[in-house]
Amino acid sequence: MNLSVFLGPLVGGILLGISVTLLYAFEGRVAGISGIVAGLMRPKSSEWPSRVAFILGLVVAGTLAGIAFATPQAQGSTSTIPVLLAAGLLVGFGARLGNGCTSGHGICGISRWNPRSIVATVVFILAGALVVGLVRHGLGGPS
Amino acid sequence: MKTIISSLLSGLLFGLGLVVSGMTEPDKIKGFLDFFGAWDPSLLFVMVGAIGVHMPSYAYLKKSRHTFDVTTNPAPPKLRIDGKLILGATLFGTGWGLAGYCPGPAIASIASGGDVLVVVFAIVVGIGLHDWAFARKRVVTDVRHREDASTA
């Protein structure tokens, strides 16, 4: 196995780590994307400008980096609209109900040895694995 | 103003990190979750990189700076592993496995349009649905939210 193929993921992960550390160092905030988005949807508060700035940075960098590091995209859509809608609803609702997502629980929570986050991360990985397993191998046909 | 700059910088780094790590590609996510098939351990390396940086940094910052320490917050942090956490994580993971998107990568990829727009829209609706449904049960103040999120 050519290990250099994991250099991107490792470097990207390091960048994510620096990002969330920055947010904690200067604002004491958990870089939970679901929480930041949820905050934007509430009546304006003193934290609103910071949240907007973060999301703005996320979109700008995501867009520019996406262009710079353009990878061959999958041809067309691999999921139907109803599936995409269901997926998004589950992700959004579930993240709020569980008080975090992959960034909040997976990166920040685990880094803080938070038992809730460790459990949440294990659970959502297992749930995701079950779904992928069913779609790719259980129900037949490519995902 | 300082927090706006730090937030902007953090967001920029986060977006860059997501793209560089390949986590904005749903197939990479599904590949990681495909334990029974051709397993792609990329996400594992992303977590190692991210936690590898944040875990020691957080410990150091928490010890040396008390200003933002969550324990100075009057409300005690949520420590119980309850049904909501499990159910929430289950629902989240299900959606994550279905489309291979979670909030961060979806928002970062929003410019590419198509599938991502639908997902982001649905994520926003999902978040809104939850927060609207549970609005009266939660004391939603910024401080309290920060404390909740800090234990997330």
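Residues numbered from 1 in each chain as written. Chains lettered and ligands numbered in written order. Predicted model: local features only at pLDDT ≥ 70, side-chain atom pairs only at ≥ 80, totals over all residues. Heavy atoms only, no water.

Caption draft 1: Expanded view of the overall build of chain B. A tally of regular secondary structure across chain B gives seven helices and zero strands. Mapped in sequence order, the helices and strands of chain B form the string α-α-α-α-α-α-α. Of all 152 residues assigned to chain B, the portion counted as buried reaches 51%. A separation threshold of at least 6 residues defines the contact pool for chain B, and within that pool the share at least 24 residues apart is 48%. Per element, the accessible surface of chain B, about 7,000 Å² overall, is 70% carbon and sulfur. (Helix = DSSP H or I, 4+ residues; strand = E, 2+ residues; numbered from the N terminus. Buried < 20%, exposed > 50% of the residue type's maximum accessible area, 1.4 Å probe, protein only. Contact = heavy atoms within 4.5 Å. Areas by Shrake-Rupley, 256 points an atom, 1.4 Å probe, with all protein chains shown as cover.)

Caption draft 2: Here's a closer look at the interface of chain B and chain A. At the junction of the two partners, chain B supplies 103 residues and chain A supplies 104 residues. Together, the buried faces of chain B and chain A total about 9,500 Å²; carbon and sulfur atoms form 73% of this surface. Between A:R96 and B:D131 there is a salt bridge, and its shortest N-O distance comes to 3.0 Å. Between chain B and chain A we count 13 residue pairs in polar contact (both at pLDDT 80 or more) in total. Breaking the side of chain B that touches chain A down by element, the ones donating at least two residues are α1 (2-21), α2 (26-33), α3 (42-64), α4 (83-99), α5 (103-108), α6 (115-133) and α7 (142-150) of chain B. At 19 residues, the largest contribution of residues to the side of chain B that touches chain A is made by α1(B). Taken together, the residues of the side of chain B that touches chain A break down into 57 nonpolar, 27 polar and 19 charged. (Buried area = accessible area lost by both parts, 1.4 Å probe. Salt bridge = Lys/Arg side-chain N within 4 Å of Asp/Glu carboxyl O. Polar contact = N/O pair within 3.5 Å; in protein donor to acceptor, adjacent residues only side chain to side chain. Nonpolar A, V, L, I, M, F, W, Y, C, P; charged D, E, K, R; others polar.)

Caption draft 3: Fine view of the pattern of salt bridges. Counting across every chain of the model gives seven salt bridges over all chains. Ionic pairing is found between A:E27 and A:R29, a salt bridge with its closest N-O pair at 3.2 Å. Overall, A:E27 belongs to the buried group, its relative accessible area being 4%. A:R136 is the salt-bridge partner of B:D34, the closest N and O atoms lying 2.9 Å from each other. One end of the pair, B:D34, is in the loop between α2 and α3; the other, A:R136, is in helix α6 (residues 115-138), on a second chain. Judged by relative accessible area, A:R136 falls into the partly exposed class, the value being 23%. Each member of the salt-bridge network shares a partner with another, and the members are A:E27, A:R29, A:E47 and A:R51.

Caption draft 4: Layout of the layout of surface pockets. By volume, the second largest pocket amounts to about 330 Å³. In this structure, the second largest pocket is lined by 25 residues; those nearest its centre are A:T102, A:G106, B:L43, B:M47 and B:W96. Put simply, the parts of the chain that give the lining of the second largest pocket at least two residues each are α5 (102-111) and α6 of chain A together with α1, α2, α3 and α5 of chain B. Sorting elements by how many residues they give to the lining of the second largest pocket places α3(B) first, with six residues. Residue classes in the lining of the second largest pocket are distributed as 20 nonpolar, five polar and no charged. (1 Å grid on protein atoms, 1.4 Å probe; cavity = no way out; pocket = protein on both sides within 12 Å on 5 of 7 lines; lining within 4 Å. Points joined across faces, edges and corners; volume = space filled by probe spheres on them.)

Caption draft 5: Molecular detail of the packing of α2(B) against α4(B). Residues and elements named next belong to chain B. Across the interface, α2 lies against α4 with an axial gap of 8 Å and an inter-helix angle of 120°. Accordingly, the angle class assigned to the pair α2 and α4 is oblique. When α2 is examined against α4, the residues P26, I29, K30 and L33 are found in contact with a partner set consisting of W96, G97, L98 and A99. A per-class count over the contact of α2 with α4 returns six nonpolar, one polar and one charged. (Axes fitted to C-alpha atoms, helices over the stretch in contact; angles between N-to-C directions. Parallel < 35°, antiparallel > 145°, perpendicular 65-115°, else oblique.)

Caption draft 6: A look at the packing of aromatic side chains. Evaluated as defined, the whole model comprises nine aromatic pairs over all chains. Considering the side-chain rings of B:F32 and B:W39, the 6.1 Å spacing of their centres and the 40° angle between planes classify their relative orientation as tilted. A relative accessible area of 6% means that B:F32 is categorised as buried. Judged by relative accessible area, which is 40%, B:W39 ranks as partly exposed. Members of the aromatic cluster, joined through ring pairs, are A:F124, B:F92 and B:W96. One cation-aromatic arrangement involves A:K44 over A:W48; the distance from NZ or CZ to the ring centre is 4.6 Å. (Phe/Tyr/Trp six-rings, centres within 6.5 Å; stacked < 30°, edge-to-face > 60°. Lys NZ or Arg CZ within 6 Å of the ring centre and 35° of its normal.)

Caption draft 7: Up close: the environment of A:L16. By secondary structure assignment, the location of A:L16 is in helix α1 (residues 7-27). Its relative accessible area of 3% is what places A:L16 among the buried residues. Expressed as a C-alpha distance, the spacing of A:L16 and A:I107, which sit 91 residues apart in the sequence, is 8.5 Å. With near-sequence residues (within four places) excluded, A:L16 lies in contact with A:I107, B:F14, B:G17, B:L18, B:V46 and B:A50.

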